[in-house]
Amino acid sequence: MAEVAIEPSWKALLQEEFSKPYFEALVAFLKDEKRKGKTIYPPGSQIFRAFELCPVDKVKVVILGQDPYHGPGQAHGLCFSVPKGVPLPPSLQNIFKELEADLGVPPPPHGDLTGWAEQGVFLLNAILTVEKHQPASHRGKGWETFTDQVIKRISEVRPHVVFMLWGQYARSKKALINPYRHLILEAAHPSPYSAANGFFGSRPFSKANAFIIAHGMEPIDWGLL
């Protein structure tokens, strides 16, 4: 079994995945890439950062991305997020534009979404690693199988979660979610190529909080970054 350093509640929920052949093959692939001297993002200690910051029993919202940023210093284990001091990628700029239009929250001075994660926003990429300057280079290596199980398990064990599925790829995961138990918010991807086709004006942040409040939970302070 692969020994995975992941937050304990997630480790308990996902334990059986770590012993499956696909996951063993994924670990072997990553080790082999490192042996070849390739640079992998995010750093190993941050691959499961979304899980560390948002334990299972805290998940209120799931935002699904595709794979990590592939530029130096960008990826730190949270989808769409970049560390403080790193220029905002275009999709994140558009997320902040929609946040301001939706809730009147002014764009923050940085792109670090840790403050969301700590409140119960699970910022999950479907693929958790990438080779430097090679977008989607770790597609089909096993991460998607793993994160599909993560989504399914959240749907099964957590009550009343808001799933934000932005873009065609994220929307393809809709079948993994129980629509009678959770709120699924679908929209175009916030990328500059598609944001005007249904992401802008989708008001996901206010809709999420309305659902969360209706089910007796504390809303997300989306301006807390």
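Nothing here was measured: the structure is a model prediction, and the numbers come from that model.

**Student:** Describe the side chain of threonine 147, naming the residues involved and giving the relevant values.
**Tutor:** Relative to the elements of secondary structure, threonine 147 occurs in helix α6 (residues 143-157). According to the relative accessible area criterion, threonine 147 is buried, its value standing at 1%. Leaving out residues up to four positions away in the same chain, threonine 147 has contacts with Leu124, Asn125, Ala126 and Leu128.

**Student:** Can you lay out the pairing of strand β2 (residues 61-65) for me, pointing to particular residues and giving the numbers?
**Tutor:** In terms of burial, β2 is a largely internal element, 5 of the 5 residues being buried. Side chains Val61, Ile63 and Gly65 of β2 all project onto a buried face; the interleaved residues Val62 and Leu64 project onto the opposite face, where all are buried too. Sheet topology note: the β2/strand β3 (residues 121-125) ladder contains 5 bridges and is parallel. In the sheet register, leucine 64 faces β3, and the bridge partner there is leucine 124. Pairing of β2 with strand β5 (residues 162-166) involves 4 bridges; the strand directions are parallel. From the neighbouring strand, isoleucine 63 faces β5, where its bridge partner is methionine 164.

**Student:** Mind laying out the packing of aromatic side chains, listing which residues take part and the relevant values?
**Tutor:** Per the stated rule, a full pass over the model turns up 20 aromatic pairs. With a centroid separation of 5.5 Å and 75° between ring planes, the pair formed by phenylalanine 48 and phenylalanine 51 is classed as edge-to-face. For the pair phenylalanine 48 and phenylalanine 51, a shared accessibility class is recorded, and that class is buried. Taken together, a centroid distance of 5.9 Å and an interplanar angle of 55° make the contact between tryptophan 116 and phenylalanine 205 tilted. Placement of tryptophan 116 in helix α5 (residues 114-117) and of phenylalanine 205 in helix α8 (residues 204-214) is noted, with a sequence separation of 89 residues between them. Taken as a pair, tryptophan 116 and phenylalanine 205 share a single burial class, namely buried. Each residue in the set Trp10, Phe18, Tyr22, Phe23, Phe48, Phe51, Phe122, Trp143 and Phe146 is aromatic and connected to the rest through ring pairs, giving one cluster.

**Student:** Break down the packing of helix α4 (residues 90-103) against α8 for me, citing the residues and quoting the values.
**Tutor:** The geometry of α4 relative to α8 is characterised by a closest axis approach of 7 Å and an angle of 60° between their N-to-C directions. Judged on the interaxial angle alone, α8 and α4 are oblique. In this structure, α4 uses Ile95, Glu98, Leu99, Asp102 and Leu103 to contact α8, whose residues at the interface are Pro204, Phe205 and Ser206.

**Student:** Please provide a residue-by-residue account of the sheet that holds strand β6 (residues 183-187), values included.
**Tutor:** Pairing within the open sheet is parallel, and its 4 strands lie in the order β3-β2-β5-β6. Single-partner strands in this sheet number two, and they are β3 and β6. When strand polarity is set aside, the average angle formed by the axes of neighbouring strands in this sheet is 20°. Contacts between α8 and the sheet are confined to β2, β5 and β6, with β5 contributing the most and set at about 160° to the helix.

**Student:** With reference to specific residues and values, describe α4.
**Tutor:** Over its 14 residues, α4 extends 20 Å from the first C-alpha to the last, a length consistent with the 20 Å expected when each residue adds 1.5 Å. Against α5, β5 and α8 lie the buried residues of α4. A positive backbone phi angle near 75° is found at glycine 104, which sits one or two residues after α4.

About the thresholds
- Residues numbered from 1 in each chain as written.
- Predicted model: local features only at pLDDT ≥ 70, side-chain atom pairs only at ≥ 80, totals over all residues.
- Heavy atoms only, no water.
- Helix = DSSP H or I, 4+ residues; strand = E, 2+ residues; numbered from the N terminus.
- Buried < 20%, exposed > 50% of the residue type's maximum accessible area, 1.4 Å probe, protein only.
- Contact = heavy atoms within 4.5 Å.
- Pairing = 2+ DSSP bridges.
- Phe/Tyr/Trp six-rings, centres within 6.5 Å; stacked < 30°, edge-to-face > 60°.
- Axes fitted to C-alpha atoms, helices over the stretch in contact; angles between N-to-C directions.
- Parallel < 35°, antiparallel > 145°, perpendicular 65-115°, else oblique.
- Expected span 1.5 Å × (residues − 1).

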